[in-house]
Amino acid sequence: MTRIAAVHGALPPNRYSQAEITDALAQICLPEGTNRRLLDRFHAGAQVGSRHLVLPLDQYAKLDGFGMANDVFVDAAVELGAAAVSGALEAAGLAPDDVDMILFTSVTGIAAPSIDARLAGVIGLRPDVKRVPVFGLGCVAGAAGISRLHDYLRGWPDHVAVLLSVELCSLTLQRGDASVANLVASALFGDGAAAVVACGDEWRPRTAGPGGPPNGPTVVATRSHLYPGSEHVMGWNVGDTGFQVVLDASVPDVVRTYLADDVHGFLADHSLTTQDVTAWVCHPGGPKVLEAVAETLRLPDGALDLTWRSLAEVGNLSSSSVLYVLRDTLALRPPPPGTPGLLIAMGPGFCSELVLLRW
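Here the structure is a predicted model, which is why all the values come from computation and not from measurement.

1. Focus: the overall build of the protein chain
Okay, so step 1: When helices and strands are counted, the protein chain shows 10 helices and 13 strands.
Okay, so step 2: Computed over the C-alpha atoms, the radius of gyration of the protein chain is 20 Å, within 12% of the 21 Å expected from 2.2 N^0.38 for a compact globule of 359 residues.
Okay, so step 3: Considering only C-alpha atoms, the protein chain reaches an extent of 65 × 45 × 35 Å along its principal axes.
Okay, so step 4: Burial statistics for the protein chain: of 359 residues in total, 58% are counted as buried.
Okay, so step 5: Contacts in the protein chain between residues at least 24 apart in sequence constitute 79% of all its contacts with a sequence separation of at least 6.

See below:
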């Protein structure tokens, strides 16, 4: 089985309260003369206390179009990505030249060469490292990335694989756009990066020393589900000003329609029920989505506490968010050894990704 050796997050240094962000975005996102009552309501209801942003608040009004915003993305993604991967490798007791494959994901900027190629020399990855850059999965990519690491390590069980997610959501906010989708996104999304180091079950240190097989949870199985007729629910409209968010109000309804059958069927295939799960590692998609998840799965009180905590402390970091919840689960609330956990994320497609873990 694939074993998760470490999870590490990296946040930009500019941290602001939700109230500070609300006031700044009222000037940036709303056309002149627009009443800010709807913006204030969305920001107050997001249950986000603070967020980290890649730029100081007063710099966003100076971004002159998509090209400038994407230049900021590339530079910052390399810096934050290097910090996330280096931190995860250090926590796992591994060196950059131990890495055999790196999967990079983001949906908030584009680069060719990709970010993984740009940071390889910065942190010292081997020249023969396998690179898999992925764009377009959005919020589901943290869970899907772990699934794809697992697929790779089943074929190469003596290898080390790294997942890197960098999402700089603030760079996608549209100036002068008072649409509901843009205002909701401005209330929820923050900036950050996260990295996961995973090892195949035949991995051994290349050199003699104190290191040994890592002691994190194992990936038992994964499942993907692409829901029919739901392409309109979430994603981007790409135009001259960059990425304009598509965020339909039906997302919680889609969760209620599909998620319970997905989860119950997946667990049943491994002779488990929801009552057996000791850790629910869920992407913090927003209050209405989390309420739909808890309701449709009939989760016990407190099951999603770490997800709510992450939403309050850093906001929704798109694909990085579920990795922060996984990190916090490992550090703050590790389940009893040998028990199952379920990692859940959803994103554009519309789709879900489930990862069955065992501690």
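Back to the text.
2. What to know about the side chain of Thr22
Okay, so step 1: Looking at where Thr22 falls in the secondary structure, it is placed in helix α1 (residues 18-28).
Okay, so step 2: On the accessibility criterion, Thr22 (7% relative accessible area) is buried.
Okay, so step 3: In terms of polar contacts, Thr22 uses its side chain to reach the backbone carbonyl oxygen of Gln18, at 2.8 Å.
Okay, so step 4: Those residues in contact with Thr22, other than ones at most four positions away along the chain, are Arg36, Leu39, Asp40 and His43.

3. Some remarks on the domain arrangement of the protein chain
Okay, so step 1: Splitting the protein chain by domain gives domain 1 (2-199) and domain 2 (218-358).
Okay, so step 2: Distance between the C-alpha centres of domain 1 and domain 2: 18 Å.
Okay, so step 3: Listed as interface residues are 55 residues of domain 1 and, on the opposing side, 45 residues of domain 2.
Okay, so step 4: A buried area of about 3,800 Å², summed over both sides, lies between domain 1 and domain 2, and 65% of it is on carbon and sulfur atoms.
Okay, so step 5: For domain 1, the biggest contributors to the area lost against domain 2 are Phe66, Cys139 and Gln174; these three give 15% of the whole.
Okay, so step 6: Between the two partners, domain 1 and domain 2, sit 1 salt bridge.
Okay, so step 7: One salt bridge connects Arg148 with Glu353, and the closest N-O pair in it is separated by 3.7 Å.
Okay, so step 8: Across the domain 1-domain 2 interface, the total number found is 17 residue pairs in polar contact (both at pLDDT 80 or more).
Okay, so step 9: Where the side of domain 1 that touches domain 2 is concerned, the elements lending two or more residues are β1 (2-10), β3 (50-53), α5 (141-155), β6 (160-168), α6 (180-188) and β7 (191-199).

4. Details of helix α2 (residues 37-45)
Okay, so step 1: Restricting attention to buried positions, one finds in α2 the residues Leu39, Phe42 and His43. Looking down the long axis of α2, one finds its buried residues gathered within 95° of arc, a one-sided arrangement. Exposed and oriented more than 90 degrees from the buried face of α2 are Arg37, Arg41 and Ala44.
Okay, so step 2: One or two steps after α2, the chain reaches Gln47, where phi turns positive at roughly 60°.

5. Regarding the packing of helix α7 (residues 251-268) against helix α8 (residues 287-297)
Okay, so step 1: Remark: α7 packs on α8, axes separated minimally by 9 Å, with the N-to-C direction vectors making an angle of 35°. Of the two elements, α7 crosses α8, and the hand of that crossing is right-handed. Contacts between α7 and α8 pair Val251, Pro252, Val255, Arg256, Leu259, Ala260 and Val263 from the former with Lys288, Val289, Ala292, Val293, Glu295, Thr296 and Leu297 from the latter.
Okay, so step 2: Its residues assigned to classes, the contact of α7 with α8 comprises 10 nonpolar, 1 polar and 3 charged.

6. Focus: the packing of aromatic side chains
Okay, so step 1: Inspection of the entire model under this criterion finds 5 aromatic pairs.
Okay, so step 2: Taking 4.3 Å as the distance between ring centres and 10° as the angle between the ring planes, the aromatic pair formed by Tyr227 and Tyr258 counts as stacked. Of this pair, Tyr227 sits in the loop between β8 (218-226) and β9 (234-239) while Tyr258 sits in helix α7, placing them 31 residues apart in sequence.
Okay, so step 3: Accessibility expressed as a relative area gives 3% for Tyr227, which makes it buried.
Okay, so step 4: An aromatic cluster is defined as three or more aromatic residues linked by ring pairs; in this entry it consists of Phe66, Phe135, Trp236 and Phe243.
Okay, so step 5: In this structure, Lys130 is placed above the aromatic ring of Trp156, and the distance from its NZ or CZ to the ring centre is 4.9 Å.

7. Brief notes about the sheet that holds β8
Okay, so step 1: Strand order in the open sheet made by the 9 strands is β5-β4-β6-β7-β1-β8-β13-β12-β11, with mixed pairing throughout. In this open sheet, the two edge strands, each paired with only one partner strand, are β5 (130-135) and β11 (279-282). Taking each pair of neighbouring strands and ignoring which way they run, the sheet shows an average axis angle of 25°.
Okay, so step 2: When β1 meets β7, the two strands line up antiparallel, connected through 7 bridges. Within β7, the residue paired with His8 across the bridge is Ala195.
Okay, so step 3: Here helix α3 (residues 66-92) sits on the sheet in contact with β1, β4 (101-106), β6 and β7, set at roughly 140° to β6.

Conventions adopted
- Residues numbered from 1 in each chain as written.
- Predicted model: local features only at pLDDT ≥ 70, side-chain atom pairs only at ≥ 80, totals over all residues.
- Heavy atoms only, no water.
- Helix = DSSP H or I, 4+ residues; strand = E, 2+ residues; numbered from the N terminus.
- Rg over C-alpha atoms; globule rule 2.2 N^0.38 Å.
- Buried < 20%, exposed > 50% of the residue type's maximum accessible area, 1.4 Å probe, protein only.
- Contact = heavy atoms within 4.5 Å.
- Polar contact = N/O pair within 3.5 Å; in protein donor to acceptor, adjacent residues only side chain to side chain.
- Domains from an automatic or database assignment.
- Buried area = accessible area lost by both parts, 1.4 Å probe.
- Salt bridge = Lys/Arg side-chain N within 4 Å of Asp/Glu carboxyl O.
- Arc of directions from axis to C-beta.
- Axes fitted to C-alpha atoms, helices over the stretch in contact; angles between N-to-C directions.
- Left-handed = near helix turned anticlockwise from the far one by under 90°.
- Nonpolar A, V, L, I, M, F, W, Y, C, P; charged D, E, K, R; others polar.
- Phe/Tyr/Trp six-rings, centres within 6.5 Å; stacked < 30°, edge-to-face > 60°.
- Lys NZ or Arg CZ within 6 Å of the ring centre and 35° of its normal.
- Pairing = 2+ DSSP bridges.

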